[in-house]
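Chain by chain, the residues run as shown.
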Amino acid sequence: YDAKHRGDPVAVYAAESDHNSAERLSLLADLRRVLETGADDAGEIALYYQPQIAIATGEVVGVEALLRWRHPRRGMVDPEELIRVAEQSAVMRLLTRRVVDDVVEQLAKWSAAGLDLRAAVNVSVRDLHTGEIADQIAERLAQYGVPPSRIQLEMTEGALMADPRRVLATISRLDRIGVAIALDDFGTGYSSMQHLRRLPLAEVKVDRSFVLGMVADADDAAIVRSVIELAGALGLRVVAEGVEDERTWRLLHDAGCEVAQGWFFARPMPAEDLVTWLARYRPISPATRSGAGDSG
Ligand code: C2E
Ligand code: MG
Ligand code: MG
Ligand code: MG
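Analysis parameters
- Residues numbered from 1 in each chain as written.
- Chains lettered and ligands numbered in written order.
- Predicted model: local features only at pLDDT ≥ 70, side-chain atom pairs only at ≥ 80, totals over all residues.
- Heavy atoms only, no water.
- Helix = DSSP H or I, 4+ residues; strand = E, 2+ residues; numbered from the N terminus.
- Rg over C-alpha atoms; globule rule 2.2 N^0.38 Å.
- Buried < 20%, exposed > 50% of the residue type's maximum accessible area, 1.4 Å probe, protein only.
- Lys, Arg positive; Asp, Glu negative; His and termini not counted.
- Charge placed at Lys NZ, Arg CZ, Asp CG, Glu CD.
- Core = buried A, V, L, I, M, F, W, Y, C linked by side-chain atoms within 4.5 Å.
- Donors = N, O, S within 2.8 Å, 3.2 Å for Na, K, Ca; no water.
- Near = heavy atom within 4 Å.
- Polar contact = N/O pair within 3.5 Å; in protein donor to acceptor, adjacent residues only side chain to side chain.
- Areas by Shrake-Rupley, 256 points an atom, 1.4 Å probe, with all protein chains shown as cover.
- Nonpolar A, V, L, I, M, F, W, Y, C, P; charged D, E, K, R; others polar.
- Pairing = 2+ DSSP bridges.
- Right-handed = clockwise from strand over helix to strand, strands pointing away.

The chain goes by GGDEF-domain containing protein in an unreviewed UniProt entry, where it is assigned to Plantactinospora mayteni.

Moving on: the overall build of the chain. A tally of regular secondary structure across the chain gives 11 helices and 10 strands. Expected size for 296 residues packed as a compact globule is a radius of gyration near 19 Å; at 19 Å, the chain falls within 12% of this value. Burial status across the chain gives 50% buried among its 296 residues. With 34 positive and 45 negative side-chain charges, the chain shows a separation of 3 Å between the mean positions of the two kinds.

Within the largest apolar cluster, 82 residues are counted, with the highest numbers of intra-cluster contacts made by Leu-31, Val-103 and Leu-252. Broken down by element, this core gets its largest block of residues, 10 residues, from helix H3 (residues 91–112).

The subject of this paragraph is the side chain of Gln-136. With respect to the helices and strands, Gln-136 occurs in helix H4 (residues 132–144). What makes Gln-136 buried here is its relative accessible area of 5%.

All of the protein donors around the magnesium ion (ligand 3) are Asp-184 (OD), Asp-185 (OD), Glu-241 (OE) and Glu-241 (OE); their distances to the metal are 2.0 to 2.6 Å. Here the magnesium ion (ligand 2) and the magnesium ion (ligand 3) are spaced 4.1 Å from one another, each receiving a donor from Asp-184. Residue Asp-184 is located in strand S6 (residues 180–186), and its partner Glu-241 is located in strand S8 (residues 237–241); the two are separated by 57 residues in the primary sequence. The two residues Asp-184 and Glu-241 agree in class, both being buried.

Our focus in this paragraph is the site of ligand 1. The full set close to ligand 1 counts 24 residues, and Asn-122, Asp-184, Arg-208, Glu-244 and Trp-263 are the nearest of them. A distance of 3.0 Å separates a nitrogen atom of ligand 1 from a polar atom in the side chain of Gln-50. One of the backbone N or O atoms of Trp-263 is found 2.8 Å from an oxygen atom in ligand 1. Out of a free accessible area of 800 Å², ligand 1 has 90% covered by protein chains. Among the secondary structure elements, those contributing two or more residues to the shell around ligand 1 are strand S2 (60–71), helix H2 (79–87), H3 and S6. Take the shell around ligand 1: its biggest share by element is 4 residues, from S2. The residue makeup of the shell around ligand 1, split by class, is 10 nonpolar, 5 polar and 9 charged.

This paragraph deals with the pairing of S8. Along any regular strand, the residues point their side chains to alternate faces of the sheet. Taken across its 5 residues, S8 has 5 buried, putting it largely inside the fold. Across 4 bridges, strand S7 (residues 203–206) lies against S8 in parallel orientation. Within the sheet, the bridge partner assigned to Val-204 lies in S8 and is Val-238. Of the strand pairs in this sheet, S8 and strand S9 (residues 259–261) are connected by 3 bridges, and their pairing is parallel. In the strand pairing of S9, Ala-240 is matched with Ala-260. Following the backbone out of S8, through helix H10 (residues 246–254) and into the adjacent parallel S9, one traces a crossover that is right-handed.

Here it is in C-alpha cells:
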C-alpha cells in the first residue's frame, strides 16, 4: 500500500458475497480458532486506535478502538465484513470479549505510562442482548483499576431495532456502571427520535457518509448540520467521523460540532504508534490555523 495507508492497512480480503456460505464458515472457523485462549501467538488480531479531536481546541479527547485481523492466507480482513459474518454466530461473543479485554488492558498500560486516555469500543447487536457484556466490562475495569469513565461503547441503531427492550436493559445497566454509550453511524439506520429521547446516550456520531459529502454536497452538509443541532438540543455530545480534509473540519467547526475524527488528523494505528503520534501532535484549531486551507 502507499505511504498514506501506513499504520492502517487496507483490507484486501472481503468475501465475495454473503451467500457464499463455505467461505463464511471457513472464515468463522479460523476466527474461532484464533480467539481461543493463547491461540493468537502471531498477533493476527489487533486493535488500532484513532484519535478523536475537540474541534475548538485541537485537544485529543479520546480514541476509538478498531478491530484489525491479518489473516495468514487472506491478508487483512475487512472489519465490516468480519463483523457481519461474526454477528451471525456465537463467535461474536468471543470476539467482543477479546476486544473489551484488550482495550481495558491497553487503557491500564497507557495509564501506567501517564497517558489517561478514553477509548471507545464498538459493540454489535448480539453483545447487547444479554447483560453479560456489562458484567464483563465491570469485572475487567475493576481488575485493571481503570475508571468506568475511561471506556465508552458505540452501538448502531440496527442493534437497537432487533430487540429494543433487552438492549435498553443492557445499556441502562452500563449507564449505571458509569460507562457512556454513543449512537454510531447516526443517520444511516432507522434514526428514530425515540432512540435519542429514551436511551441513556451520551453521544451521537454522525455517519461518515454524510461527513465525507459535506464539501461537495449541500444536502449532506444540511443533514450534518441538523444532526449537530438536534444532538445539541438534547444535550448529547456530537462527533463527526470521516473528516478527511481541512474544509470539512472548518465546516464542522462553523456548524458547532464538538469532536471530529478522521484521516485529516490521523488514521487508525497500532497502540505503540499512537504513543508516538501523541508525543508529536500539536493541537490545531480553526482559530490557530486561520484561512490556511480555504483555497484548497
Ligand atoms: P465505525 O465504528 O463507524 O468506525 C469508523 C470507520 O471509519 C472505521 O472503519 C475507520 O477506519 C473509518 N474512518 C475513520 N476515519 C476515516 C476517514 O477520514 N475517512 C474514511 N473514509 N474512513 C474513516 P473500519 O476500521 O474499517 O471499521 C468499520 C466498521 O467495523 C466500524 O465502523 C464498526 O462498525 C465495525 N467495527 C470495527 N471494529 C469493531 C469491533 O471491535 N467490534 C465491532 N462490533 N465492530 C467493529
Ligand atoms: Mg464506531
Ligand atoms: Mg461510525
Ligand atoms: Mg460503521
